[in-house]
Amino acid sequence: CPVHCWRFFNATSLSEVNICDMRQRCLLDNPAQTLICTADVKGVGEEVLRELECITDADFSECGRFIVTKQFTGVKMWDLRRTKVPFRNVNTCAIEPSSLFDEMYTTGCLVDDFRVVSNHNATGFVTGTYDNYFIVYDAKNDQKHYLQARHENDQKRQNVPEMEEYTKKVLHVDWQRGVGDDN
């Protein structure tokens, strides 16, 4: 945690984020708090659902009060003072029909580790996706902005990712806070 050096978390493949307190309960099998991150996907097999529910990344906000978690289909934003449910659940993957998840599972795409980073006070985040896009989310206005990371001479310009080019993806992102930025 950027504010409290005694607090840390670990994300699991069992759809959990365990928040531990080194002053009291630092054992991973007895965390101080646990965030349950299930995926709401219908019409997929049990093995595919397990992959979709795996947490690929998580990040503390700079203020230490919030955590964002990334799963294949979306990002959940959590307030550590109210951990029963996320205060925001943002879909970052618009795959229809859900049978396409089966195809992605067999090709190994469901194990792609897309990173997520929140801004200072968790009013936004950035994460990557397929087709060389990354998503910047503004929680204040509930808006997603899709930005494509392509060469300037490339003619393809899209506003929303089509999720067709699985080999072209933005896996690693970062949020740099400028002087005077409030977000």
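Residues numbered from 1 in each chain as written. Predicted model: local features only at pLDDT ≥ 70, side-chain atom pairs only at ≥ 80, totals over all residues. Heavy atoms only, no water.

Enquirer: An account of the overall build of the chain is needed here, citing residue identities and associated values.
Expert: Looking only at helices and strands, the chain features 2 helices and 11 strands. Reading the helices (α) and strands (β) of the chain from amino to carboxyl end gives β-β-β-α-β-β-β-β-α-β-β-β-β. The contacts in the chain between residues at least 6 apart in sequence include a share of 47% that link residues at least 24 apart. For the chain, the computed accessible surface area is about 10,200 Å², with 47% contributed by carbon and sulfur atoms. (Helix = DSSP H or I, 4+ residues; strand = E, 2+ residues; numbered from the N terminus. Contact = heavy atoms within 4.5 Å. Areas by Shrake-Rupley, 256 points an atom, 1.4 Å probe, with all protein chains shown as cover.)

Enquirer: Residues and numbers for unusual backbone geometry, please.
Expert: We note that Asp142 has phi near 50°; this positive angle belongs to a residue other than glycine. Relative to the elements of secondary structure, Asp142 occurs in the loop between strand E10 (133-138) and strand E11 (143-148). What makes Asp142 exposed here is its relative accessible area of 52%. (Buried < 20%, exposed > 50% of the residue type's maximum accessible area, 1.4 Å probe, protein only.)

Enquirer: Now, about the nonpolar core: what can you tell me, with residues and values included?
Expert: One finds Ala39, Val41, Val44, Val48, Leu52, Phe72, Cys93, Phe101, Met104, Phe114 and Tyr130 forming the largest nonpolar core, which totals 11 residues. Contributing elements (two or more residues each) for this core: helix H1 (46-53) and helix H2 (99-107). (Core = buried A, V, L, I, M, F, W, Y, C linked by side-chain atoms within 4.5 Å.)

Enquirer: Break down H1 for me, citing the residues and quoting the values.
Expert: All of the buried residues in H1 are Val48, Leu52 and Glu53. Considered in projection along H1, the buried side chains sweep an arc of 135° and stay on one side of the axis. (Arc of directions from axis to C-beta.)

Enquirer: Run through the pattern of salt bridges, naming residues and quoting values.
Expert: Using the criterion set out here, one finds 3 salt bridges in the structure. Residue Arg81 is joined to Asp79 by a salt bridge in which the shortest nitrogen-to-oxygen separation is 3.8 Å. With a relative accessible area of 56%, Arg81 lands in the exposed category. In this structure, Asp79 engages Arg82 in a salt bridge whose closest nitrogen and oxygen atoms are separated by 2.8 Å. Owing to a relative accessible area of 5%, Asp79 belongs among the buried residues under this scheme. (Salt bridge = Lys/Arg side-chain N within 4 Å of Asp/Glu carboxyl O.)

Enquirer: Describe the sheet that holds strand E3 (residues 33-36), listing the residues and the values that go with them.
Expert: The strand order E1-E2-E3 describes an open sheet built from 3 strands, whose pairing is antiparallel. Single-partner strands in this sheet number two, and they are strand E1 (7-11) and E3. Strand after strand, the sheet turns through a mean of 20° between neighbouring axes, direction not considered. Bridging between strand E2 (residues 16-21) and E3 involves 4 bridges; their strand directions are antiparallel. (Pairing = 2+ DSSP bridges. Axes fitted to C-alpha atoms, helices over the stretch in contact; angles between N-to-C directions.)

Enquirer: Please give an account of the environment of His120 that cites residues and values.
Expert: Relative to the elements of secondary structure, His120 occurs in the loop between strand E8 (116-118) and strand E9 (124-128). For His120, a relative accessible area of 25% translates into the label partly exposed. When the C-alpha positions of His120 and Phe66 are compared, they lie 9.2 Å apart, and in sequence the two are 54 residues distant.

Enquirer: Lay out the state of the cysteines with the relevant residues and their values.
Expert: Throughout the structure, instances matching the rule amount to 0 disulfides. In this structure Cys63 is not part of a disulfide, and its nearest cysteine sulfur, from Cys1, lies 8.5 Å away. (Disulfide = S-S within 2.5 Å.)

Enquirer: Can you explain the environment of Ser118? Please cite residues and give values.
Expert: Mapped onto the elements, Ser118 comes out in strand E8. Counting along the chain gives 52 residues from Ser118 to Phe66, while the straight-line C-alpha distance between them is 8.8 Å.

Enquirer: Tell me about the sheet that holds E8, and please be specific about residues and values.
Expert: Two modes of strand pairing occur in sheets, parallel and antiparallel, and in both the strands are linked by backbone hydrogen bonds. Taken in spatial order, the 4 strands make up an open sheet running E8-E9-E10-E11, and their pairing is antiparallel. Edge positions in the open sheet fall to E8 and E11, since each of these has one partner strand only. If you compare each strand with its neighbour and ignore which way they point, the axes differ by 20° on average. Pairing geometry for E9 and E10, over 5 bridges, is antiparallel. When the sheet's bridge partners are listed, Phe125 is paired in E10 with Tyr137.

Geometric values such as these leave the question of function open.
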